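Here's the letter readout for the chains.
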Amino acid sequence: MKLLMVAVNTVKPASISVRLHVMYMHSASYRHRSGKKIMASHIVGYPRMGPKRELKFALESFWDKKSSAEELEKVAADLRASIWKQMADAGIKYIPSNTFSYYDQVLDTIALLGAVPPRYNWSGGEIGFDTYFSMARGNASVPAMEMTKWFDTNYHFIVPELGPDVKFSYASHKAVNEYKEAKALGVDTVPVLVGPFTFLSLSKPAKGVEKTFNKLSLLDKILPIYKEVIADLKAAGASWIQFDEPILVMDLESHQLQAFTKAYSELESSFSGLNVLIETYFADVPEGAFKAVTSLSGVSAIGFDLVRGAKTLDLIKGGFPAGKYLFAGVVDGRNIWANDLAASLTTLQALEGIVGKDKLVVSTSSSLLHTAVDLVNEPKLDKEIKSWLAFAAQKVVEVDALAKALSGAKDEAFFSANAAAQASRKSSPRVTNEAVQKAAAALRGSDHRRATNVSSRLDAQQKKLNLPILPTTTIGSFPQTLELRRVRREYKAKKISEDDYVKAIKEEINKVVKLQEELDIDVLVHGEPERNDMVEYFGEQLSGFAFTANGWVQSYGSRCVKPPIIYGDVSRPNPMTVFWSSTAQSMTKRPMKGMLTGPVTILNWSFVRNDQPRFETCYQIALAIKDEVEDLEKAGINVIQIDEAALREGLPLRKAEHAFYLDWAVHSFRITNCGVQDTTQIHTHMCYSNFNDIIHSIIDMDADVITIENSRSDEKLLSVFREGVKYGAGIGPGVYDIHSPRIPSTEEIADRVNKMLAVLDTNILWVNPDCGLKTRKYAEVKPALQNMVAAAKQIRTQLASAK
Ligand code: GLN
Ligand code: ZN
């Protein structure tokens, strides 16, 4: 196995050239002058992957059988040790443990409770890597458990499968082991558990269990195990335990809140001698939940997200129970911006007046799992931009600085450096582009739609495009070969010339075009060989975006994403895709789709500015994409696809906020293409099928054609049309799953298309795969597309003879 270096240093003396480092350095050294006094500070949770994704590489090497379990455990232990040490050195009082995970904290809880689905053949005893990773990733004979998004983050958790017959048992001692491990290193930590209420609420009925099964009825069965864990932790010396109950921020019914109250009253007997913290995050806590959580007599502390929870702040001001601790999440766990320390201090001082001096603890708004790890590993990032940022390691220092300031030991130099950075961010010319701001502001309140309705547009387009019924197309990308990645990498590293690069990409496009012609596909794509990522590719060409070298955030398991940072007003200095699209169009007589990423998706997959509302940034991106759409049209591209893969996932957690989000998100999409002629066909693509609840917003996007994921969800999507929703635009529900290497047969695809024809008009149906083909191999793509086209032709013939 490769030697994995684990170095989680907040402060590396070698790189103190940057002012920011000096700032954080200063604070770290402050501790020495002020003595060892530790202030009331807390971190909800910390990234596990390591500053250079050490855990990812160790996991993947273990999975590939290139290294042993011991080697993996060593990397993990080193990471945990360095994180605990870093927080202890920074002066954090309440340091979390058990926020490390080999895969996912919900899966860890499944293991803790012994809730292993029977298909994994677990035979009892302590759950080891075998069973654990089989649940996470599947094994040769059984597929993995389902994974889904953790609230509105891009982190995915493993969904517990529960029912009345599940036998629970205390089957993973990870929490107590990690507590002891930290203790042996001299760090007394707060063990963190996913709370029983959130755990059950996020579960789904196991196979064969009624959909209507009352999940919360299982509280009686899991609480005894939680009690065992609590007793174990107490015996090991823990004086605090943190229960994460983020589900409390959702819209809950009163019977659910009653179950929550009952659960914690039930646990109360085992809480004696312990301080118990209930931690909430990601949004405001609704009034009912606020009442429920603040009324628990056995609970001594409650944590709130005060970054996203401005209304929670009002609730606290309205009354907070005497004698309880308030863990005030003022440092944003979801973003990469440096805290406005002066503003936070004001908030904290106000809170101190309510809860009392010794009951206020400075904290992060959520686990830092959702932000990048350490700015120290960004030597190439522009210095000014860097001074505006704080990754997890820097946020720890901010929390500490705020706690010290509250207790009267304010580090003036640290605060004034922070104030200077805040001021520079406000006034920097690279943030502000007045023309863009004016143009975006002008969009508000007015509507932007194409002049004619979709059916007359489709007629006009058909005259120009002359497509057969059931036209075939693909979603955009073609397989990304090693050779392609090499060409892009070498061009970026300036190892090959621009001419050589363009030549190589052109050859690839030509290959993809010829292949699609051979396959007889109707509307072609250029294959996206010049793109590594559908957001980064555009971000790199837009103003207002910055990119990190190591700003990775865990998405699931060992997978991480590196979101761009939108720091300023967004504009498009030059056309971004016109050269490649028109080059591709020149290679064929068939229509070539221009291929763009939509504004909502660019927004939702980036770290977004926090100094203006999200919709403002979205409108700016929409204007940039609008320019691109119009340039493509001018260059003779008649079909333009604007992907909105992430529109659904930006939906706010609380229902009351849905309408507002959908309104500006859909408006942003329409802005991008409101200026094109009737004869230009606008497509959009979405990678999820769970859109039945937002179908009217999707119709309101007013695209001419939508291609959409459909095959993995038992055609859930079609049920919405079965139930009578009228859809007049073109629609291509995916006819096969591109996430699997399996090659679908012609019959199978034809069968799918026939099912769609039962609910959709013949003249609006398109035939296409579920999503882009970039993760597949040509050996899979060719036969699959061949069968897809054959199926479309077969049905065309049938339909023609039926006339
Ligand atoms: N056009 C993109 C592709 O084909 C869409 C990817 C996506 O929807 N996630 O790869
Ligand atoms: Zn997709």
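The rules behind each value
- Residues numbered from 1 in each chain as written.
- Chains lettered and ligands numbered in written order.
- Predicted model: local features only at pLDDT ≥ 70, side-chain atom pairs only at ≥ 80, totals over all residues.
- Heavy atoms only, no water.
- UniProt positions renumbered as here; feature names shortened; annotations may be inferred.
- Helix = DSSP H or I, 4+ residues; strand = E, 2+ residues; numbered from the N terminus.
- Rg over C-alpha atoms; globule rule 2.2 N^0.38 Å.
- Buried < 20%, exposed > 50% of the residue type's maximum accessible area, 1.4 Å probe, protein only.
- Areas by Shrake-Rupley, 256 points an atom, 1.4 Å probe, with all protein chains shown as cover.
- Lys, Arg positive; Asp, Glu negative; His and termini not counted.
- Charge placed at Lys NZ, Arg CZ, Asp CG, Glu CD.
- Pairing = 2+ DSSP bridges.
- Right-handed = clockwise from strand over helix to strand, strands pointing away.
- Donors = N, O, S within 2.8 Å, 3.2 Å for Na, K, Ca; no water.
- Tetrahedral: all angles 85-135°; square planar, octahedral: opposite > 155°, others 65-115°.
- Axes fitted to C-alpha atoms, helices over the stretch in contact; angles between N-to-C directions.
- Left-handed = near helix turned anticlockwise from the far one by under 90°.
- Contact = heavy atoms within 4.5 Å.
- Nonpolar A, V, L, I, M, F, W, Y, C, P; charged D, E, K, R; others polar.
- Near = heavy atom within 4 Å.
- Polar contact = N/O pair within 3.5 Å; in protein donor to acceptor, adjacent residues only side chain to side chain.
- Phe/Tyr/Trp six-rings, centres within 6.5 Å; stacked < 30°, edge-to-face > 60°.
- Lys NZ or Arg CZ within 6 Å of the ring centre and 35° of its normal.

You'll find the chain entered in an unreviewed UniProt entry as 5-methyltetrahydropteroyltriglutamate--homocysteine S-methyltransferase, with Coffea arabica given as the organism. The Catalytic activity (unreviewed entry) comment attached to the chain in UniProt states, word for word, "5-methyltetrahydropteroyltri-L-glutamate + L-homocysteine = tetrahydropteroyltri-L-glutamate + L-methionine". Of the chain, the UniProt comment under Cofactor (unreviewed entry) reads exactly: "Zn(2+)".

**Focus: the overall build of the chain**
Looking only at helices and strands, one finds 28 helices and 20 strands in the chain. Its C-alpha atoms give the chain a radius of gyration of 27 Å, within 12% of the compact-globule value 28 Å for 803 residues. On the principal axes, the C-alpha backbone points of the chain span a range of 80 × 60 × 55 Å. Buried positions account for 61% of the 803 residues belonging to the chain. Looking at the chain as shown, the accessible area adds up to about 31300 Å², and 52% of this sits on carbon and sulfur atoms. Side chains of the chain carry 96 positive and 94 negative charges; the gap between the two charge centres is 2 Å.

**Remarks on the pairing of strand S7 (residues 240-244)**
Within S7, 5 of the 5 residues are buried, leaving the element largely enclosed by the surrounding structure. On S7, burial covers both faces: Trp240, Gln242 and Asp244 on one face and Ile241 and Phe243 on the other are all buried. Across 3 bridges, strand S5 (residues 189-194) lies against S7 in parallel orientation. Within S7, the residue paired with valine 192 across the bridge is glutamine 242. In this region the chain leaves S7, passes through helix H9 (residues 254-267) and returns to the parallel neighbour strand S8 (residues 275-279); the handedness of that crossover is right-handed.

**Quick notes on the coordination of the zinc ion (ligand 2)**
The zinc ion (ligand 2) binds to the protein through His685 (NE2), Cys687 (SG) and Cys771 (SG), with metal-donor distances spanning 2.0 to 2.2 Å. Its 4 donor atoms give the zinc ion (ligand 2) angles of 79 to 123 degrees at the centre, a pattern that matches the irregular case. Each donor residue of the zinc ion (ligand 2) belongs to the same chain, with the gaps between them written as H-x1-C-x83-C. With cysteine 687 in the loop between strand S18 (681-686) and helix H25 (695-700) and cysteine 771 in the loop between helix H27 (746-757) and helix H28 (778-802), this residue pair connects regions lying 84 residues apart in the sequence. Taking the relative accessible area as the measure of exposure, cysteine 771 reaches 16% and is therefore buried.

**A word on the packing of helix H19 (residues 498-519) against H28**
The geometry of H19 relative to H28 is characterised by a closest axis approach of 10 Å and an angle of 35 degrees between their N-to-C directions. When the axes of H19 and H28 are compared, the crossing they make is right-handed. Contacts between H19 and H28 involve Glu508, Lys511, Val512, Leu515 and Leu519 from the first element and Tyr778, Lys782, Leu785, Gln786 and Val789 from the second. Of the residues assigned to the contact of H19 with H28, the class counts are 6 nonpolar, 1 polar and 3 charged.

**Regarding helix H2 (residues 54-63)**
For H2, the tally of buried residues reaches 8 of 10 residues, placing the bulk of the element in the interior. The complete set of buried residues in H2 reads Glu54, Leu55, Lys56, Ala58, Leu59, Ser61, Phe62 and Trp63. As for H2, its buried residues are in contact with helix H3 (69-90), helix H5 (129-137) and strand S14 (559-561).

**Here we look at the UniProt feature "domain: Cobalamin-independent methionine synthase MetE N-terminal" (unreviewed entry) in the chain**
Residues annotated by UniProt as "domain: Cobalamin-independent methionine synthase MetE N-terminal" (unreviewed entry) correspond here to residues 41-353. Taken end to end, residues 41-353 is 41% helix and 13% strand, and its first and last C-alpha atoms sit 18 Å apart.

**A closer look at the site of ligand 1**
The environment of ligand 1 is formed by 13 residues, the closest being Ser477, Glu528, Asp643, His685 and Cys687. Measuring from a nitrogen atom of ligand 1, one finds a backbone N or O atom of isoleucine 475 at 3.2 Å. Within the side chain of glutamate 528, an N or O atom sits 2.8 Å from a nitrogen atom of ligand 1. In isolation ligand 1 offers 300 Å² of accessible surface; the protein chains occlude 92% of this area.

**Examining the packing of aromatic side chains**
Per the stated rule, a full pass over the model turns up 32 aromatic pairs. Judged by centre distance (5.3 Å) and plane angle (75 degrees), the rings of tyrosine 132 and phenylalanine 133 are edge-to-face. Exposure remark for tyrosine 132: the relative accessible area of 6% places this residue in the buried category. Ring pairs connect the aromatic residues Phe62, Trp63, Phe100, Tyr102, Tyr103, Phe129, Tyr132 and Phe133, which therefore count as one cluster. In this structure, arginine 137 is placed above the aromatic ring of tryptophan 63, and the distance from its NZ or CZ to the ring centre is 3.7 Å. Over the ring of tryptophan 552 we find lysine 562; its NZ or CZ atom is 5.4 Å from the centre of that ring.

**Concerning the sheet that holds strand S11 (residues 360-364)**
Overall, parallel pairing links the 7 strands, which are arranged S1-S5-S7-S8-S9-S10-S11 in an open sheet. Strands at the two margins of the open sheet, each flanked by one partner only, are strand S1 (95-97) and S11. Neighbour-to-neighbour, the strand axes of the sheet open up by a mean angle of 30 degrees, direction not taken into account. Here 5 bridges tie S7 to S8, and the two strands are oriented parallel to one another. Across the sheet, the residue bridging to phenylalanine 243 is isoleucine 278, located in S8. Against the sheet, helix H12 (residues 341-355) contacts strand S10 (325-331) and S11, and its axis sits at roughly 170 degrees relative to S10. Lying over the sheet, helix H14 (residues 392-406) contacts S10 and S11, oriented at roughly 160 degrees with respect to S11.

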